[in-house]
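# Observations on the model geometry
Here is what each chain is made of, one letter per residue.
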Amino acid sequence: MPKKLDPKMLASFVQEAHSYLPQIRESLETFQRDATQREVLEEALRYTHTIKGASVMVGLPVLSHMANYAEGTLEEMVTGQRAMDTACSTWLQQTMDQLEHYLDDLLSGDMQQQALVAAVVQSLRRFKNLPEAGDMAALKAAMGVQQEEAAALEAPSQDQPNSPTTAVASDDQAAPVPEPASVAETPGTLDALVAAIDHDVHQVYGQNTKSTVPLGPLDGQSQTERYVLFTLAGSCYAVPVPSILEIGRIPHSTPVPNVPAWVRGVINLRGEILSVIDFRTFLGLEEAHHGERSRMLVVKTARDEIMTSLIVDQVMGIAPLSKTRMETPAAPPGNKVVPYLHGAYEYEDQVCAVFDLERLLLSPEVRQFE
Amino acid sequence: MSKILVVDDSPTTLKMVTKTLATTGHHIITAGDGDEAVQKAETEHPDLMVLDVVMPHKNGYQVCRQLKTNATTKNIKIILLTSKDQQVDRFWGMKQGADAYITKPFEEAELLATVTKLL
């Protein structure tokens, strides 16, 4: 059952979206002229995201789908995965034109949705160099949503319960429109985090990962804690799982002038501006080029005062380590690592040093760049 | 009767959420960005907030974290309501201390049930 469209809400949305489009266009033009003005790009992304969210709220999943395409491209630009070249600029401006056409058609009642969606889907796929062979599947998926929306536009004006928006799925097209509403099951728990990290590690390393820890509860004595194991310059290190928010590939970061070499720059991670710390360089270890297996750990202090990201050579997996077996780390005087260590374990025939992240992140050296 | 603060930078979404929550009989107040949300949370003392994530100034994650680490506002129940629907977004949201996470478009019944459960 398609969702009934509320004329008042629809009119409010059209007016709202119309007010954003000139600002998005202006932001894109400004950024194309001066790529240092990243804040205007973030503004364009925010307005596009708002159109995506508000359109699906008023019952226009097709429009949300179109805005979602543009949002995905803008996100790639904000995170530095895509440059603002002529092709990108042209495609974004065209998509904004098509969004505007859609809004105008909505007001005039002369809906040409199918042609608009086809144009957006096809132009996105050419822009992203996706094969023409997949166009039909992508179009069919998009039009499945479109049919539901068309039915809603024709629906009689009587109260009906909302129906979930059809999720769009296709081989290689951009992200689907939002799934139906749902409340998180049990996120935020330690096991959820372990599961997320395990999933990430498994995806990267397949079956050969050392991550063999069951996700069930640990022993009730709290003498064992889960740690994420990683390597730096050939040695094994660990940090407790609760202090890790995310593990990901190394993103493009924006360089910052007049900072030590170990600050590679800053990134915008879901609205948080984080420093990217080259952990090897910070600890005075031998420098190395970061490779395919290098990862970024987003870490935080227990009370959330500091959040930052550390680049490590490789994430090995997750292991339960017993607090009672922790030993005092031994190292020559002057070693820069030792002051930040909590202890060391012997794990699978190698010594694994455990970082005291509170000490590390709250150190004046790190804090000055937060 | 409880007080609910609804925060969203989209006027349309703000109206839709407010309209849905008006049926509960609770007192509804609104804010249009993150800074206003923090200010109203501190002065109006709502019992619950329905909080968008992507907003001007402070985003919803920052607002959530700030309020949950402040002794005077930490007991405000927070529902993140966002079209950021990736699992990692959901997980990130809950890490900020949110009490529930609902994605747009929300089911009215689900939003109302979550509000009832948290109040």
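One can find the structure itself at the top, above this paragraph.
Scope of this entry: the structure provided in the associated data block. (Residues numbered from 1 in each chain as written. Chains lettered and ligands numbered in written order. Predicted model: local features only at pLDDT ≥ 70, side-chain atom pairs only at ≥ 80, totals over all residues.)

### Description of the sheet that holds strand β2 (residues 235-240) of chain A
Residues and elements named next belong to chain A. Pairing is mixed across the open sheet formed by five strands, whose spatial order is β8-β1-β2-β10-β9. Here the strands that pair on one side only, and so sit at the sheet edges, are β8 (314-322) and β9 (341-347). Averaged over all neighbouring strand pairs, the angle between strand axes comes to 35°, with direction disregarded. As paired strands, strand β1 (residues 224-232) and β2 are joined by six bridges and run antiparallel to one another. Pairing of Phe 230 across the sheet is with Tyr 237, part of β2. (Pairing = 2+ DSSP bridges. Helix = DSSP H or I, 4+ residues; strand = E, 2+ residues; numbered from the N terminus. Axes fitted to C-alpha atoms, helices over the stretch in contact; angles between N-to-C directions.)

### Side note on the nonpolar core
Buried together is how nonpolar side chains tend to be arranged in soluble globular proteins. If you look at the biggest cluster of nonpolar residues, it comprises 73 residues, and the most contacted ones within it are A:Met66, B:Met49, B:Val50, B:Leu51, B:Ile78 and B:Leu80. Setting aside residues no more than four positions away along its own chain, B:Leu51 makes contact with B:Val7, B:Ala37, B:Gly60, B:Val63, B:Cys64, B:Ile78, B:Ile79, B:Leu80 and B:Leu81. In terms of nonpolar packing, the next biggest core, distinct from the first, is built from 44 residues, A:Met296, A:Val298, A:Met316 and A:Leu321 among them. (Core = buried A, V, L, I, M, F, W, Y, C linked by C-beta atoms within 7 Å. Buried ≥ 20, exposed ≤ 12 C-beta atoms within 10 Å, placed from the backbone. Contact = placed C-beta atoms within 7 Å.)

### Some details on the environment of B:Leu5
Residues and elements named next belong to chain B. Tracing the chain through its elements places Leu 5 in strand β1 (residues 3-7). We classify Leu 5 as buried; it has 23 C-beta atoms within 10 Å. Note: C-alpha distance between Leu 5 and Ile 29 (24 residues apart in sequence) is 4.8 Å. Leave out the neighbours within four places in its chain, and Leu 5 touches Ile 29, Ala 31, Ala 37, Lys 40, Ala 41, Glu 44, Pro 46 and Met 49.

### Here's the deal with the packing of helix α1 (residues 7-33) of chain A against helix α1 (residues 11-22) of chain B
Two numbers describe how α1(A) lies on α1(B): the axes approach to 8 Å, and their chain directions differ by 155°. Between α1(A) and α1(B), the angle is such that the two are roughly antiparallel. Side by side, α1(A) and α1(B) meet where A:Met9, A:Ser12, A:Phe13 and A:Glu16 of the first sit next to B:Pro11, B:Thr12, B:Lys15 and B:Met16 of the second. Split by residue class, the contact of α1(A) with α1(B) holds four nonpolar, two polar and two charged. (Parallel < 35°, antiparallel > 145°, perpendicular 65-115°, else oblique. Nonpolar A, V, L, I, M, F, W, Y, C, P; charged D, E, K, R; others polar.)

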